[in-house]
Amino acid sequence: GDMDGALAALHSLRAANKDLKDDQTVAEVERELLDIWDAVEKSKAAMAEVVKGYMEQRIMEVPQREPPGADDGEAPEEQERLPRLLVWRAWFWELVKGEESRALFMALVLAVVNQSSASTSVINYGPTVLRGMGVDSDTSKILSSVLGVTKLVGVVVSMFVVDGVAGRRPLLIVGSLGMAVGMGAMTLSEVQQSVAAVVLSQNVFMFMFSLSWAGVFWVLMSEFFSMRIKSIAVSIVTAILFAGGALADLVFLSAHNAMGAYSYLVFGGICALGALYVLLYLPETKGRTLAEVQKLLARPGLVLGSSPDPGPRGANGRLEMAGLVHGAADSSNKDTI
């Protein structure tokens, strides 16, 4: 596509030290763009090999028979069914048992935690909760509308710290624990019938969610998968994300009616479990190339207490590029990102 536009966008994202002039940028950004382009081309060829190998293996298991419809003019459509089925099976096994199956599983867990924490339910049913505490309809809507502003502020703050002072992993852990505290505060506030404290607790929960899971989740989705399976994997994860949100909305009011304010503790427990999962299993992806991230995600075992090697480093301690695509190593290999 537009290589010049891609080069300018990548230069801006990486905040290179030099300004973009005459369609040129610093050497390390140029090399990273070439790496990305090369990865796309290699992923296309690799996926073709996966499907081809699977088809060759499975076709031997299919009983030999005459092509269906050979005598009635329906052969083309019928003969396409078997290859299509094999292609779908190849995709299935690639996602379930392929090199990136662990990354897909982790993404699905994160998607479930994201929405099972009642992050959307707090906004959707905030006015209902306040009306149950005696607040009139108009006032409850006004108070709950503040949650939207709080969410916006949290997302904006997250934009400036996710690649700067914090990183993905610390934000998710701190955000999850803050969400759990917010849920606990909502329980205590509603038990004491303090409307002001409930509204404050809702906003604490929403700010911590927006600071972490609302934006960081999608940053991780852009880093988890190679170009080979990114489109289908992110589609599956997004479907589970929205399904989890729908399920949380479905049970939120029923749980509140059955358990009262203590229902918040259930969602707070999910938030705490989310923090624990991130602490144990999710590696930090900040400052790593896509290839390094996917290599880390493929490693089994706990992240806590381990110190995976992120790749070669230069004398200044920063990550160093593996070199130009196609193996054209030259003196520019000393540049770092």
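Every value quoted in this text rests on a predicted model; they were computed, and no experiment measured them.

A. Summary view of the overall build of the protein chain. On a plain count of helices and strands, the protein chain comes out with 13 helices and zero strands. N-terminal to C-terminal, the α/β element order of the protein chain is α-α-α-α-α-α-α-α-α-α-α-α-α. The buried share of the protein chain, taken over its 337 residues, is 40%. When contacts within the protein chain are restricted to residue pairs at least 6 apart in sequence, those whose partners lie at least 24 apart make up 71%. About 18100 Å² of surface is accessible on the protein chain, with carbon and sulfur atoms providing 63% of the total.

B. Broad picture of the packing of aromatic side chains. Under the criterion given, the structure shown has six aromatic pairs. Here the aromatic rings of Phe252 and Tyr264 are separated by 6.2 Å at their centres, their planes lie at 35 degrees, and the arrangement is tilted. Taken together, the residues Phe252 in helix 11 (residues 230-259) and Tyr264 in helix 12 (residues 263-281) connect sequence positions twelve residues apart. Residue Phe252 is classed as buried on the basis of its relative accessible area, which comes to 2%. One aromatic cluster is present, built from ring pairs that chain together Tyr125, Phe252, Tyr264 and Phe267.

So, how was this worked out
Residues numbered from 1 in each chain as written. Predicted model: local features only at pLDDT ≥ 70, side-chain atom pairs only at ≥ 80, totals over all residues. Heavy atoms only, no water. Helix = DSSP H or I, 4+ residues; strand = E, 2+ residues; numbered from the N terminus. Buried < 20%, exposed > 50% of the residue type's maximum accessible area, 1.4 Å probe, protein only. Contact = heavy atoms within 4.5 Å. Areas by Shrake-Rupley, 256 points an atom, 1.4 Å probe, with all protein chains shown as cover. Phe/Tyr/Trp six-rings, centres within 6.5 Å; stacked < 30°, edge-to-face > 60°.

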